[in-house]
Amino acid sequence: MTVFICSLFLPKTVQFNLPGNSRRRHTLSKRQKAFEPPKPPPVVSTVDVQPSLFTPRPDITPPHTPVDEPTSPDPFANEDGFRIHFPHSDNSPADKGSKSWGGRADQPKSRASTPPPADIFESSRTLQKATEMGRRGIVKPRSLIRSESHDKVFASASWRVINADQGNGGLRNAAMAAARDGKLSDYTWVGTLGMPTDALEGTQQKQDIEDTLATEHDMLAVFCSDKDFDGHYSHFCKQMLWPVFHYQIPDNPKSKAYEDHSWKYYVKVNQAFADKIVQNWKRGDVIWIHDYHLLLVPGMIRKKLPEAKIGFFLHVAFPSSEVFRCLAVRKELLEGMLGANLIGFQIQEYTRHFLLTCSRILTVEATPEGLQLEDRFVEVVHNAIGIDPVSLNKHREETEVKKWLAVMQERYQGKRLIVARDKLDHVRGVRQKLLAYELFLNKNPEWRENTVLIQVALSSGEPTELDAAVSDIVTRVNSSWANLAYQPVVYLKQDIDYAQYLALLSIADALMITSQREGMNLTSHEYLFCQDGKIFPDKKHGSLILSEFTGTSSLFGKNELSVNPWDYRQCADAIKQALEMSQEEKTRRWEKLYQCVVHQTGSHWFTEFLSHLDRSYEEQHKRDQTYVPRLSMSSVSAKYANAQRRLFILDYEGTLVSWGPVNQIIPVSPQRTLDVLNDLLLDERNTVYVMSGRRPEELDRVFRRVPNLGLIAENGCFLKDCGKEEWVEMADASQITNWKESVKPIMQYYLERTPGAQIEERRCSLLFHYNNAEDYESASRQASDCASHVNDACESQRVHALAVDGAILVEPLDWTKCTAAQRVFEQLGEHMNSDQAHEQPVDFLMVVGDGREDEKVFKWANSLGSQKQIKDVITVSLGSRNTEAAATLTQGVSGVLNCLQRLASSS
Ligand SMILES: O=P(O)(O)OC[C@H]1O[C@H](O[C@H]2O[C@H](CO)[C@@H](O)[C@H](O)[C@H]2O)[C@H](O)[C@@H](O)[C@@H]1O
C-alpha cells in the first residue's frame, strides 16, 4: 500500500550546470576560497542612508552562508542581483517562503507569455518613483524572453537533484518525521518541479529527470506547460485564492476576482495531478492531497476511481462563507474538495466556516461531523499541524548555528531583540508590524537605544506597492532614531539560511507575528522550541507576540501576547509588555506554550490524519458495501407473533403511497393503504403512527377514515396521538413566526425571478417549488441562491434551507420526525400502570421509510434495540443501499403494504 502525498511542489527539484557563469559567488575556486575570508551574508537594505550595523567585526568571522557551487557560470543570470538560496540540509524553516516561480538562474526560464499580474501595472507608478529615487532592493519584473539557444543549453547541460527551495516546509518536515518515527513506510510524493519545463519538452533530459525522481526519490513529477503553470500559480492561486482565503477580496476595478481566465489553467494543472495519480494508483493505496493549489483534485480522482481512499488537507485558512461566496467558481471549488473521504483543516474555526459554506452554497446537509451528500458522507475534521522538535534539536547543535549565535551575541550586546521572518505580502502584516514598532519607539523613549527589530522579509515574487511602503517605514524609523552605534530596524529583504534562522530564534527576546490571517504560523512553534535555553542559556523563555488571526493563536490559549494587528497601539503596548515582563511571568507563559508545541508535533499530525482517513473510509465503505438484507418475512412474522405491545412508525409518501403531486392537497384517498392500516389497528396490541412532511390538515383529510391512527405532521412539528382529535404543536410557534417573517420576503424575491415556481407555506416550514418552472435550469440556479440567501439571513434562527426533490425546503432544526417518534415512545412508557412497571412499554417496534428524514428515525430505533429498551426492533428502508435501516424492501409501496397486510392477517 502506497501513500501518495500530493502537493504543488515536490520536495526536490533539479539544478543545471551551465557553461559560462560569471557571477562572483559561483566562480570561487577551491583555492580562492581557501585564501579569501568568508564574506558576511549581504544585507539587502532598502535604505542607503547609513552603513548597516549588521556587518560583523573583523575579529569575529561569521560563517559563510552555504552555497552549492555550480562548476560553470550562468549565461542567463539576471542582473538584478537575485540571490539563490541553496538549502544545505533536508530540513528548513517550517513556514518556508516560496520563491518566485522561474526565478532561479540555474533552471530554465518560463515560456509563459501571459501578462504579468495586474498589480504590477497598478504599482508601476510607485515602482517608477521608487526606481527614480534610487532605492535598492526593488526589482523589476524579470523578462520572460527566452531564445532557442537558451533551450539548447538546458537540453545538453548536466543536472542533479537538489532540495527544492519552494513548497510547504511544515508538510515536508512532518512527513519526514513520521517516516523517521516508523509511522510511514511506503510513500510517494506527487508534485511539480517548481520550475519552467517547456525548454525540456521532447528531450531525453525530461525523461531522465522523471525516471531519476521516480526510482531514486519515490517522487512522481507532474509536468504542465509553463503557460498553464503560470496561469495556475501566479494568477489563479496567488491573485484569487490566496487573497480570498485570507479575507482580502480583490476589489479594484482591474481585478478579475469574480471571473478570470486563469481559472482554466487552474483546472488544467489540477487535471494533470489527477491524471498522474490515477495512472499510478493501485487498489488499497491512499491519496492525500494538500492545500489550496489542488482543490479540484479530489473530485477529479473520485470521478475516475469511485473506490479510492482520498484525504484532503487545507493548510491555509478557510474564510467565512460571506467571503468565500465572492468567488465566481465557488461551487466548483467546493465540489472538488468534496471528492475526498476526509477533509482536514488546521483549526475548528475553518471547519465551521467550511461546513456552513457548503450548506449555504451547495445546500447539502451539514452535521458537526461532516457533510451528507446524495450518495456519500464526507467527514470534516480539524487537526493542526506542528513542527518536528527532534530534527530541530539536532540541527541547532550544529557548529554553524553556534558561530552565528556568537556573532549576534557580540553584535547586539546589551540590546533587546525582537525578531521576525515573514513573507512580504499584505496578508502577513509586515507593514502593520513596522508601524507598531515605530509607535512603540515614539511612545517609549527609554527603549529607543536598546531595542532592535530584525525583520527578515521573504520576497513574495513580484515588487509591489507594499515593498515601497515597507521600505519607507524602515527608512523613517532608522533615520529618526539611529545613531553611529545604533540602528533600530535591521531589515533583510532576503531569506537567511537555516543556521542563521535557528540562531536568530534562539537569541531573540521576542518574536513578533502580525499576520492579518494565517493558516497556522509554525515560526512561532520553532521560536518557542528554541527558547528553552539549551544552546543559548543567557536568554530563554522569550515572549511571543502573536496575531489573534493565526491558526496557531487558537491553540495557545492566550499564554502568548495576543494582538490584533490592526490595533497599532495594542501591538506597541505588547512590545513594551514583552520587554518589561518579569522572568517568572515569561517562564510561566513559555512553559504552557512549550507543552503545546512539543505535543502537537508534525509527526503526530501526519499520522493522526492518516489513521483518521482509514477509520473514516472504512466506516463509509462499510456503509456502502454493507449488504442490507432483504426483510425476512418469516422472521418478522415470528417476532410479531410473540409481541404484546407493538409500535409501528410508518412514513407516508414513498412508503405507504406513491409520491403525490407536489404542492397539492392529496385529491384521492389511497384506499388500499387505509385498509391495511385499519386491519393492523384491529389488533389492540398494535399502535400505529404515520409520519409525513405534509401539513396536519392534509393528513387529517387522508386518514380521517382510520380511527385510532396516530399522526406526525410537518416532519415532527405536529403530533396527533392515537384516538385524539387535537393536534399538539411540538415546535415553538413564536420562533416559527419569527423566522418565517425573515424567509418569506427572500422567497418572494426569487419567486418573482422564476416564472412557474410556487411557494408553499406549511405551518412550520416553507417550500419553494420549482419543478414546474418554465426554465428548469435557471430555476434551479435561482433556487440554490434562494437557499444560500435564507441560510445566510437566518443563521441564528435555528432553521435551515435544504434542497429536496424539485424544491427548497426551509424547516426548523430542533423538531424532526425523530424527536416526534421519541415523544411517542416516551408517552407509551408514561401510560404504563404500576403493575406493568417491570415490563417494556413496547416490545416490538417497526419503522418503515424511504427518505433522508426517515434515516434519523431508523438510527434512533436501532439504538433502542441495541440498548435492549425494546426486545425486537425492525427498521426497513425501501431500496436504498446506503441506509441506517437493518433491512430493505425492494418492491416499493406494494411490498410494504403486502408485508403489513400479512402481519395484520396473522393476528
Ligand atoms: O506560497 P505558496 O507556494 O502558495 O504556499 C502557501 C504557503 O504554504 C505554507 O504555509 C501554509 O502551511 C503552513 C503549514 O501547514 C501553515 O503554517 C501556514 O499558515 C500556511 O499558509 C508555506 O509554509 C508558506 O511559505 C507558503 O506561502
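For the structure, see preceding data.
Now for a look at the structure at hand. Just so it is clear, the structure is predicted and the values come from calculations on it, not from any experiment. (Residues numbered from 1 in each chain as written. Predicted model: local features only at pLDDT ≥ 70, side-chain atom pairs only at ≥ 80, totals over all residues. Heavy atoms only, no water.)

1. Some remarks on the overall build of the protein
On a plain count of helices and strands, the protein comes out with 30 helices and 29 strands. Considering only intrachain contacts with a sequence separation of at least 6, the fraction spanning at least 24 residues in the protein is 77%. Of the roughly 37000 Å² of accessible surface on the protein, a fraction of 50% belongs to carbon and sulfur atoms. (Helix = DSSP H or I, 4+ residues; strand = E, 2+ residues; numbered from the N terminus. Contact = heavy atoms within 4.5 Å. Areas by Shrake-Rupley, 256 points an atom, 1.4 Å probe, with all protein chains shown as cover.)

2. Structural notes on the nonpolar core
With 112 residues, the main nonpolar core has Ile5, Phe16, Tyr437, Ile454 and Phe606 as its most contacted residues. The leading source of residues in this core is helix 18 (residues 498–507), at 8 residues. When residues of this core are assigned to domains, at least three fall in each of domain 1 (149–380) and domain 2 (388–599). In terms of nonpolar packing, the next biggest core, distinct from the first, is built from 66 residues, Ala713, Phe768, Leu878 and Ala887 among them. (Core = buried A, V, L, I, M, F, W, Y, C linked by side-chain atoms within 4.5 Å. Buried < 20%, exposed > 50% of the residue type's maximum accessible area, 1.4 Å probe, protein only. Domains from an automatic or database assignment.)

3. Looking at the sheet that holds strand 12 (residues 416–423)
Spatially, 14-13-12-15-16-17 is the arrangement adopted by the 6 strands of the open sheet, whose pairing is parallel. Pairing within the sheet leaves two strands with one partner each, and these edge strands are strand 14 (489–492) and strand 17 (561–563). Averaged over all adjacent pairs, the angle separating strand axes in this sheet is 15°, with direction ignored. (Pairing = 2+ DSSP bridges. Axes fitted to C-alpha atoms, helices over the stretch in contact; angles between N-to-C directions.)

4. Brief notes about helix 26 (residues 733–752)
Taking 1.5 Å of rise per residue, the 20 residues of helix 26 would be expected to cover 28 Å, and the 28 Å separating its terminal C-alpha atoms lies within 8% of that figure. At Glu741, helix 26 is bent by approximately 30°, the largest bend along its length, and proline Pro745 sits one to four residues beyond. Those residues of helix 26 that sit buried are Ile736, Trp739, Lys740, Val743, Ile746, Met747 and Tyr750. Contacts made by the buried residues of helix 26 are with strand 23 (758–761), strand 24 (766–769), helix 27 (776–793), strand 25 (799–804) and strand 26 (807–812). (Expected span 1.5 Å × (residues − 1). Bend = angle between axes of the 7 residues up to and from the residue.)

5. Focus: the side chain of Arg589
Along the chain, Arg589 turns up in helix 21 (residues 583–599). There is a polar contact of 3.0 Å between the side chain of Arg589 and the backbone oxygen of Asn559. (Polar contact = N/O pair within 3.5 Å; in protein donor to acceptor, adjacent residues only side chain to side chain.)

6. Some words on the pairing of strand 8 (residues 342–345)
Within a regular beta strand, the side chains point alternately toward one face of the sheet and then the other, so they alternate between its two faces. Burial along strand 8 is two-sided: the residues Leu342 and Gly344 and Ile343 and Phe345 are all buried. Judged from the 3 bridges that link them, strand 7 (residues 309–313) and strand 8 form a sheet pairing that is parallel. Within the sheet, the bridge partner assigned to Phe313 lies in strand 8 and is Gly344. When strand 8 meets strand 11 (residues 377–382), the two strands line up parallel, connected through 4 bridges. Each bridged residue has a counterpart across the sheet, and for Phe345 the counterpart in strand 11 is His382.

7. Some words on helix 23 (residues 633–642)
Along helix 23, the residues that are buried comprise Met633, Val636 and Tyr640. The arc that holds the buried residues of helix 23, viewed along the axis, is 65°, so those residues lie on one side. Residues of helix 23 that are exposed and angled more than 90 degrees away from the buried face: Ser634, Ala641 and Asn642. Taken together, the buried residues of helix 23 touch strand 18 (646–651), helix 24 (671–681), strand 19 (686–691), strand 27 (844–849), strand 28 (872–877) and helix 30 (892–906). (Arc of directions from axis to C-beta.)

8. Overview of the packing of aromatic side chains
Summed over all chains, the structure comprises 32 aromatic pairs. Ring geometry for Phe9 versus Phe229: centroids 6.1 Å apart, planes at 55°, classification tilted. Residue Phe9 is found in strand 1 (residues 3–9), and its partner Phe229 is found in helix 8 (residues 226–245); the two are separated by 220 residues along the sequence. Taken individually, Phe9 and Phe229 each receive the classification buried, so the pair is uniform in this respect. Considering the side-chain rings of Phe16 and Phe154, the 5.1 Å spacing of their centres and the 85° angle between planes classify their relative orientation as edge-to-face. Here Phe154 lies in helix 5 (residues 148–156) and Phe16 lies in strand 2 (residues 12–17), a separation of 138 residues in the sequence. Each of the two residues, Phe16 as well as Phe154, counts as buried. Ring pairing ties together the aromatic residues Phe245, Phe318, Phe324, Phe345 and Phe354, which thus form one cluster. Its end group placed over the ring of Tyr749, Arg753 keeps NZ or CZ at 3.6 Å from the ring centre. (Phe/Tyr/Trp six-rings, centres within 6.5 Å; stacked < 30°, edge-to-face > 60°. Lys NZ or Arg CZ within 6 Å of the ring centre and 35° of its normal.)

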